[in-house]
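# Structure at a glance
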Amino acid sequence: MLVVEGVKNGIVIDHIKAGKGIEVFNLLNLGEADFHVALIINAQSKRLGKKDMIKVDNVMDLNLDLLGLFDPNITINVIENEKVTSKINLKLPQRVKNIIKCKNPRCITSIEPYIENEFELLDQESCEYRCVYCDEIYKIEK
Ligand SMILES: [Zn+2]
């Protein structure tokens, strides 16, 4: 098994598109972490040429929906005793609540602030979501 330098028990967020590591870092609020976190920019990658990575020396809960929505090509490696024990491949979540907002000004979620934004995945390939209230299409930018 692959030995991961610098992480004893934790996670490595891998295959982040080069230049996007800082966005993932902020998305996960890692600036406020009180454990060891490393952001690696422009690491070599066979798959991507260059990639960003985040190493977290802590077992933390990740919002996989949020990460999957940000970039479904990201891979999560779970590290135990400095070895990769499992890999999680992200995908676009089937349903998302309160992460993306409906842009239709006539949608009930735009009019009534207490109603949660909720979207359903239409198509994994085209990254399109549909508002469950008004059918407005939301496309995730890649
Ligand atoms: Zn809507």
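Residue positions within a chain follow its written sequence, with the count starting from 1. Totals for whole chains, interfaces and linings use all residues, but because this is a predicted model, local features are given only for residues with pLDDT of at least 70 and pairs of side-chain atoms are given and counted only at 80 or more. Excluding hydrogens and water, the side-chain figures rest on all heavy atoms present in the structure.

## Some thoughts on the coordination of the zinc ion
- Ligation of the zinc ion by protein atoms is provided by Cys 102 (SG), Cys 107 (SG), Cys 131 (SG) and Cys 134 (SG), these donors lying 2.3 Å from the ion.
- Around the zinc ion, the four donor atoms sit at angles spanning 102 to 116°, and that spread fits a shape best called tetrahedral.
- For the zinc ion, all donor residues lie on one chain, and their spacing in sequence is C-x4-C-x23-C-x2-C. The donor definition counts N, O and S atoms within 2.8 Å of each metal and applies 3.2 Å to Na, K and Ca; water is not among these atoms, so some sites may look incomplete. Labels for metal geometry use angle windows, namely 85 to 135 degrees for all angles of a four-donor tetrahedral site, and for square planar (four donors) or octahedral (six donors) sites opposite donors over 155 degrees apart plus all others within 65 to 115; sites meeting none of these are irregular.

## A closer look at the pattern of salt bridges
- Salt bridges, as used here, are contacts in which a Lys or Arg side-chain nitrogen is within 4 Å of a carboxyl oxygen on Asp or Glu. Within this structure, the stated rule accounts for seven salt bridges.
- Note that Glu 118 is salt-bridged to Arg 95, the shortest N-O span being 2.4 Å. Here the residue Glu 118 occupies a position in strand 7 (residues 118–123), and Arg 95 occupies one in strand 6 (residues 95–97), the gap between them amounting to 23 residues.
- Between Glu 120 and Arg 95 there is a salt bridge, with its nearest N and O atoms 2.8 Å apart. Of this pair, Glu 120 sits in strand 7 while Arg 95 sits in strand 6, and the two are 25 residues apart along the sequence.
- Owing to a relative accessible area of 24%, Glu 120 belongs among the partly exposed residues under this scheme. The helix and strand labels rest on DSSP assignments: H or I over at least four residues marks a helix, E over at least two residues marks a strand, and numbering proceeds from the N terminus. Three exposure classes are used, based on accessible area relative to the maximum for each residue type with a 1.4 Å probe and protein chains only: buried under 20%, partly exposed in between, and exposed over 50%.

## What about the side chain of Asp 71?
- The topology assignment puts Asp 71 in the loop between helix 2 (64–70) and strand 4 (75–80).
- Counting rule applied: Lys, Arg positive; Asp, Glu negative; His and chain ends not counted. Lys 17 is the oppositely charged side chain nearest to the buried, salt-bridge-free Asp 71, at an N-O distance of 4.2 Å.
- Polar contact is the term for a pair of N or O atoms within 3.5 Å; when the atoms are in protein, one must be able to donate a hydrogen and the other to accept it, and sequence-neighboring residues count only if both atoms are side-chain atoms. Polar side-chain contacts of Asp 71 include one of 2.9 Å to the backbone nitrogen of Asn 73.

## Topic: the UniProt feature "domain: Aspartate carbamoyltransferase regulatory subunit C-terminal" (unreviewed entry) in the chain
- UniProt positions are given in the numbering used here, feature names are shortened, and annotations may be inferred rather than shown by experiment. The sites that UniProt annotates as "domain: Aspartate carbamoyltransferase regulatory subunit C-terminal" (unreviewed entry) are residues 95–140.
- The distance separating the terminal C-alpha atoms of residues 95–140 is 13 Å; by composition the span is 9% helix and 35% strand.

## Thoughts on the packing of aromatic side chains
- Each aromatic pair joins two rings of Phe, Tyr and Trp (for Trp, the six-membered one) with centres within 6.5 Å, and gets the label stacked for planes under 30 degrees apart, edge-to-face for over 60, and tilted for any other angle. Scanning all chains against the criterion turns up one aromatic pair.
- Ring plane angle 65° and centroid distance 5.9 Å describe the contact between Phe 119 and Tyr 138, whose orientation is recorded as edge-to-face. Residue Phe 119 is located in strand 7, and its partner Tyr 138 is located in strand 9 (residues 137–139); the two are separated by 19 residues in the primary sequence. A single burial state applies to Phe 119 and to Tyr 138, both of which are buried.

## So, the confidence of the model for the chain
- A score from 0 to 100, pLDDT tells how confident the predictor is in each residue. For the chain, mean pLDDT is 92; residues scoring 70 or higher make up 98% of the total.
- Confidence, expressed as mean pLDDT per element, reaches its minimum in the chain at helix 2 with 91 and its maximum at strand 8 (residues 128–131) with 97.

## Focus: the domain arrangement of the chain
- What fixes the domain bounds is an automatic or database domain assignment. For the chain, the assigned domains read domain 1 (10–88) and domain 2 (95–139).
- For domain 1 and domain 2, the distance between their C-alpha centroids amounts to 27 Å.

## Let's talk about the sheet that holds strand 2 (residues 37–45)
- Strands pair, by our definition, only if DSSP identifies at least two bridges between them. Taken in spatial order, the five strands make up an open sheet running 2-3-1-4-5, and their pairing is antiparallel. Edge strands, defined here as strands with exactly one partner in the open sheet, are strand 2 and strand 5 (83–89). This sheet shows a mean twist of 25° between the axes of neighbouring strands, independent of strand direction.
- Inspection of the sheet shows strand 1 (residues 10–17) paired to strand 4 by five bridges, in the antiparallel sense. Looking across to strand 4, one finds that Asp 14 is bridged to Thr 75. Inter-axis angles, ranging from 0 to 180 degrees, are taken between N-to-C directions of lines fitted to C-alpha atoms, where helices are fitted over the stretch in contact.

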